[in-house]
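# Coordinate inspection notes
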Amino acid sequence: MKKEKGIKGSYFQDVVERFLHHKLAVFALFFLAVEILVVIFLPMILGLDPYSIDVMAFGKGPSDTHLMGTDDVGRDMFARIIYGGRVSLTVGILSAIISLIVGIPLGLIAGYFRGKSEIIVMRLADIFMSFPSMILILVLASVLGQSIVTITVVIGVLGWPDFARLIYASTLSVREKEYVESAKAIGTKTHNIILRYIVPNASAPVIIAFTFRTAQAIITESSLSFLGLGVQPPAASWGNILYYAQSISVLANKPWMWVPAGIILIITVLCINFLGDGIRDALDTKMSV
Amino acid sequence: MGKYVLRRLLVAIPTFIGITVLVFFLSYLAPGSPLEMLFMDSNADAQVMADMEARLGLDQPVYVQYFRWVGQLFQGNLGYSYRTGLPVWDMVAERIGPTLLITIASLVLSVLIAIPLGVMSAYKPYSGWDYFSSGLSFIGAATPNFFAGLVFIYLLSVKVNIFPSSGMYDSAGAHTFLDLVHHMVLPTFVLSIQQIGSLIRQTRGSVLEVLQDDFIRTARAKGCLESRVLFRHALRNALSPVITRIGSMIPFLVGGAVVTEQLFSWPGLGSLMVLSINSRDYPVIMGITVVIAVAVLIGNLIIDLIYSVLDPRIRYSK
């Protein structure tokens, strides 16, 4: 890459340049992009079918007809991992978006209007953060029914305190700034102040938190599904593929039924974390001197 | 000091109330009324049902039911299991010990492994050692408990039979301490992996920051031993955020214990939780949730106390 010291580009160019210096993050971004394209388009291109049962192959290892073998019911493992990726990534990303949608307004209200709303919201955030969300998710999912939709919503809603706290902290630091005061003085409407001055200031930590929340949500979903309390078969997710590895005979003798799903899960979470790290370094203005 | 403890206790009370409200209303919303559960198959006549309803207080408004439930709670009565008919408290009580055992053991193990690794990383940043422990922490943080558990069972229990893969004791033979430790090794380590990952990163970051400070240079200038500089001067001052991180590990450890206990057939609250959810045994689900809430609150309180002991500023400023 060419070095352009002294010539300062736009803020955005600087960010991109710093991001590109973080080799692992660039690789992670590339990997995740390919992975997302694969889980969206490969099933259509290859006509993958994760549900139909091959009566000639129950729990058979990799072969010409089944690239990565079949599970004990005779379903194609390769197709299940690709479809499982669709489910796991969708649950991860959507639930992080839900956390964001719930958390940001609450944090804004607490930080901007202060007073009672501040006490109520931040105390609630403390309560949610000090209690094991896994337990609440288990209880909620058992009461509401264990579908992909409820799992996504429950994981998403319970993830709100992270975002609320970030937005709250940055709102507190921005609301006393002179430019906010001048905006108020010339009669700018409250919602405009929030959208134009408060929100953009908090965007960097929120983007970073979003990546980590996505990774966390993928782990939570897979743990639930592994327990048999999350995404239910015949739908596939990386977690419920691994459910069958709880049987010792599968664990000991049929590695194709659990190793690939676990490894792709770890690599995906690892890449999301690297991406988050890369974005953090890139957005950290303290580093640009 | 006493005042500080009292204040932290007062903060814990609304948290506890919040959790009881949440748990109660969730179970209130749960499909299937308690009566249907008690009289699963019988076509008991309407009069008997109505009498029973009145006796259990199910004909009362929700908030009355809630206060009755909380009242019972303080008398140690958590109701009766739909599944076994036993008092919930008895079922829960015998499971508390094993869960405390592996969560506390894994908290201690995480601290013992992660803090030295983090300090060493910060001492020689960007060295081979740092890359090794940073790599370890990244992979640890990205590996779900259950997959780590599967891999360790496969390697150390199936391929080479060094550690048992389930239970607390060998079914035959006396329950010896050594046997218990032998059974604890895998679940404890598996439960720790993710926490070790995040704790290494936290320790490295905060020690690295403190090492830039002037008083470190002063300590070196006056001829302090490097080990003393590192562990007495730097670590002690870097400890606050690390303790906070340890405190925030508690909920994750308890959540992780559910998966780990289920995988290793560990007879704790987590595996009872999974069993109860599968059989829709709501009184037990509620009971476990409340007990866990109390345990977590006590855990947070202990962390707060450690915090104030280590950092005198907290004791006096607030």
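Since this is a predicted model, take the numbers as computed values, not measurements.

### Notes on the overall build of chain B
The number of helices and strands found in chain B is 13 helices and zero strands. Mapped from its N terminus to its C terminus, chain B presents α and β elements in the order α-α-α-α-α-α-α-α-α-α-α-α-α. By its C-alpha atoms, chain B is 85 × 55 × 35 Å across when sized along the principal axes. When the 318 residues of chain B are sorted by exposure, 47% land in the buried category. The long-range share in chain B, meaning contacts at least 24 apart out of those at least 6 apart in sequence, stands at 71%. Surface accessibility of chain B: about 15,900 Å² in total, with carbon and sulfur atoms responsible for 65%.

### A short note on the confidence of the model for chain A
All names here are of chain A. Residues at a pLDDT of 70 or more form 95% of chain A, whose mean pLDDT is 86. Under a pLDDT of 50 for its full length, residues 1–6 has, in the predicted model, four contacts with residues more than four places off or in other chains. Long-range and interchain partners of residues 285–289, a stretch whose pLDDT sits below 50, account for four contacts in this model, where long-range means more than four residues apart.

### Overview of the packing of helix 4 (residues 115–130) of chain A against helix 7 (residues 160–175) of chain A
All names here are of chain A. For the pair helix 4 and helix 7, interaxial distance at closest approach is 9 Å and the crossing angle is 140°. Relative to helix 7, the element helix 4 is oriented oblique. Relative to helix 7, helix 4 is oriented so that their crossing is left-handed. Residues Glu118, Val121, Met122, Leu124, Ala125, Asp126, Phe128 and Met129 of helix 4 pack against Trp160, Pro161, Asp162, Arg165 and Tyr168 of helix 7. Grouping the constituent residues of the contact of helix 4 with helix 7 by class yields nine nonpolar, no polar and four charged.

### Considering the interface of chain A and chain B
The interface is formed by 40 residues belonging to chain A together with 44 residues belonging to chain B. Our count for the chain A to chain B interface comes out at two residue pairs in polar contact (both at pLDDT 80 or more). Of all elements in the fold, only helix 4, helix 5 (133–144), helix 9 (190–226), helix 11 (248–253) and helix 12 (259–283) of chain A reach the threshold of two or more residues within the side of chain A that touches chain B. Here the element with the most residues in the side of chain A that touches chain B is helix 12 of chain A; it accounts for eleven residues. Split by residue class, the side of chain A that touches chain B holds 28 nonpolar, nine polar and three charged.

### Remarks on the pattern of salt bridges
Once their charged atoms are close, side chains differing in charge can pair, the charge on each being opposite to the other. Residue and element names in this part refer to chain A. Applying the stated criterion across every chain, the model contains 13 salt bridges over all chains. One salt bridge connects Arg213 with Asp162, and the closest N-O pair in it is separated by 3.3 Å. You can see Arg213 sitting in helix 9 and its partner Asp162 sitting in helix 7, a full 51 residues away along the chain. With a relative accessible area of 14%, Arg213 lands in the buried category. On the basis of relative accessibility, which here comes to 27%, the residue Asp162 falls in the partly exposed class. A cluster of three or more residues bridged by salt bridges with shared partners is formed by Asp71, Arg75 and Arg80.

### So, helix 11 (residues 269–278) of chain B
Buried residues dominate helix 11 of chain B, accounting for eight of its ten residues. Looking at the packing, one finds that the buried side of helix 11 of chain B touches helix 5 of chain A together with helix 5 (88–123), helix 10 (226–263) and helix 12 (282–310) of chain B. Positioned one or two residues after helix 11 of chain B, Arg280 of chain B has a phi angle of 50°, which is positive.

### Describing the nonpolar core
The biggest cluster of nonpolar side chains holds 134 residues, and the ones touching the most others in it are Leu242 and Trp258 of chain A together with Trp69 and Leu150 of chain B. A total of 15 residues in this core trace back to one element, the largest contributor, which is helix 10 of chain B. When sequence neighbours within four positions are dropped, the list of residues in contact with Leu150 of chain B reads Phe226, Leu242, Ala245, Leu251 and Trp258 of chain A together with Leu263 of chain B. With 14 residues, the next largest nonpolar core counts Ile104, Val174, Ala202 and Val206 of chain A among its residues.

### Observations regarding the side chain of Glu221 of chain A
Residues and elements named next belong to chain A. Position of Glu221 relative to the elements: it lies in helix 9. At 11 Å, Arg80 is the nearest oppositely charged side chain to Glu221, a buried residue that forms no salt bridge. Here Glu221 is in contact with Ser88, Val91, Ile151, Ile155, Val231 and Ser237, once residues within four sequence places are set aside.

### A closer look at unusual backbone geometry
Geometrically, the link from Pro233 of chain A to Pro234 of chain A is a cis peptide bond, its omega value of 10° lying close to zero. Examined against the element boundaries, Pro234 of chain A turns out to sit in the loop between helix 9 and helix 10 (238–243). Even without being glycine, Arg114 of chain A reaches a positive phi, approximately 50°. Among the secondary structure elements, Arg114 of chain A is positioned in the loop between helix 3 (77–113) and helix 4. Residue Arg114 of chain A is classed as partly exposed on the basis of its relative accessible area of 32%. Non-glycine residue Tyr126 of chain B carries a positive phi angle of around 65°. Summarising the element assignment, Tyr126 of chain B is placed in the loop between helix 5 and helix 6 (128–142).

### A closer look at a nonpolar patch on the surface
Residues and elements named next belong to chain A. Together, Ile36, Leu37, Ile40, Phe41, Met44, Ile45, Leu46, Ile93, Leu94, Ile97 and Ile101 make up a nonpolar patch on the protein surface, roughly 1,000 Å² of accessible area in all. The set of elements that each furnish at least two residues to the nonpolar patch consists of helix 2 (23–46) and helix 3. If one sorts the elements of the nonpolar patch by residue count, helix 2 sits on top with seven residues. Note that Leu46 resides in helix 2.

### Some details on helix 3 of chain A
The terminal C-alpha atoms of helix 3 of chain A, which comprises 37 residues, lie 53 Å apart, in line with the 54 Å expected from a rise of 1.5 Å per residue. Positive phi shows up at Arg114 of chain A, right after helix 3 of chain A, with a value of about 50°.

### Some remarks on a positive patch on the surface
Residue and element names in this part refer to chain B. Taken together, the side chains of Lys222, Arg228, Arg232 and Arg236 present a region of like positive charge at the surface. Following the sequence through the fold, Arg236 ends up in helix 10. A residue is classified by how much of its surface remains accessible, and Arg236, at 44% relative accessible area, is partly exposed.

### Quick look at the packing of aromatic side chains
Each aromatic ring pair is specified by the distance between its two centres and by the angle formed by the two planes. Residue and element names in this part refer to chain B. Counting across every chain of the model gives 18 aromatic pairs over all chains. Here the aromatic rings of Phe24 and Trp69 are separated by 5.6 Å at their centres, their planes lie at 40°, and the arrangement is tilted. You can see Phe24 sitting in helix 1 (residues 2–29) and its partner Trp69 sitting in helix 4 (residues 62–74), a full 45 residues away along the chain. Among the residues examined, Phe24 registers a relative accessible area of 7% and is labelled buried. For the pair Phe25 and Tyr66, a centre-to-centre distance of 6.3 Å together with 20° between the ring planes defines the contact as stacked. Taken as a pair, Phe25 in helix 1 and Tyr66 in helix 4 lie far apart in primary sequence, 41 residues in all. For Phe25, a relative accessible area of 33% puts it in the partly exposed group. Ring-pair connections join several aromatic residues into one group, and the members of that group are Phe24, Phe25, Tyr66, Phe67 and Trp69.

Rules behind the numbers
Residues numbered from 1 in each chain as written. Chains lettered and ligands numbered in written order. Predicted model: local features only at pLDDT ≥ 70, side-chain atom pairs only at ≥ 80, totals over all residues. Heavy atoms only, no water. Helix = DSSP H or I, 4+ residues; strand = E, 2+ residues; numbered from the N terminus. Buried < 20%, exposed > 50% of the residue type's maximum accessible area, 1.4 Å probe, protein only. Contact = heavy atoms within 4.5 Å. Areas by Shrake-Rupley, 256 points an atom, 1.4 Å probe, with all protein chains shown as cover. pLDDT = per-residue confidence, 0-100. Axes fitted to C-alpha atoms, helices over the stretch in contact; angles between N-to-C directions. Parallel < 35°, antiparallel > 145°, perpendicular 65-115°, else oblique. Left-handed = near helix turned anticlockwise from the far one by under 90°. Nonpolar A, V, L, I, M, F, W, Y, C, P; charged D, E, K, R; others polar. Polar contact = N/O pair within 3.5 Å; in protein donor to acceptor, adjacent residues only side chain to side chain. Salt bridge = Lys/Arg side-chain N within 4 Å of Asp/Glu carboxyl O. Core = buried A, V, L, I, M, F, W, Y, C linked by side-chain atoms within 4.5 Å. Lys, Arg positive; Asp, Glu negative; His and termini not counted. Patch = residues over 30% accessible without salt bridge, like charges linked within 9 Å, V, L, I, M, F, W, Y side chains within 5 Å. Expected span 1.5 Å × (residues − 1). Charge placed at Lys NZ, Arg CZ, Asp CG, Glu CD. Phe/Tyr/Trp six-rings, centres within 6.5 Å; stacked < 30°, edge-to-face > 60°.

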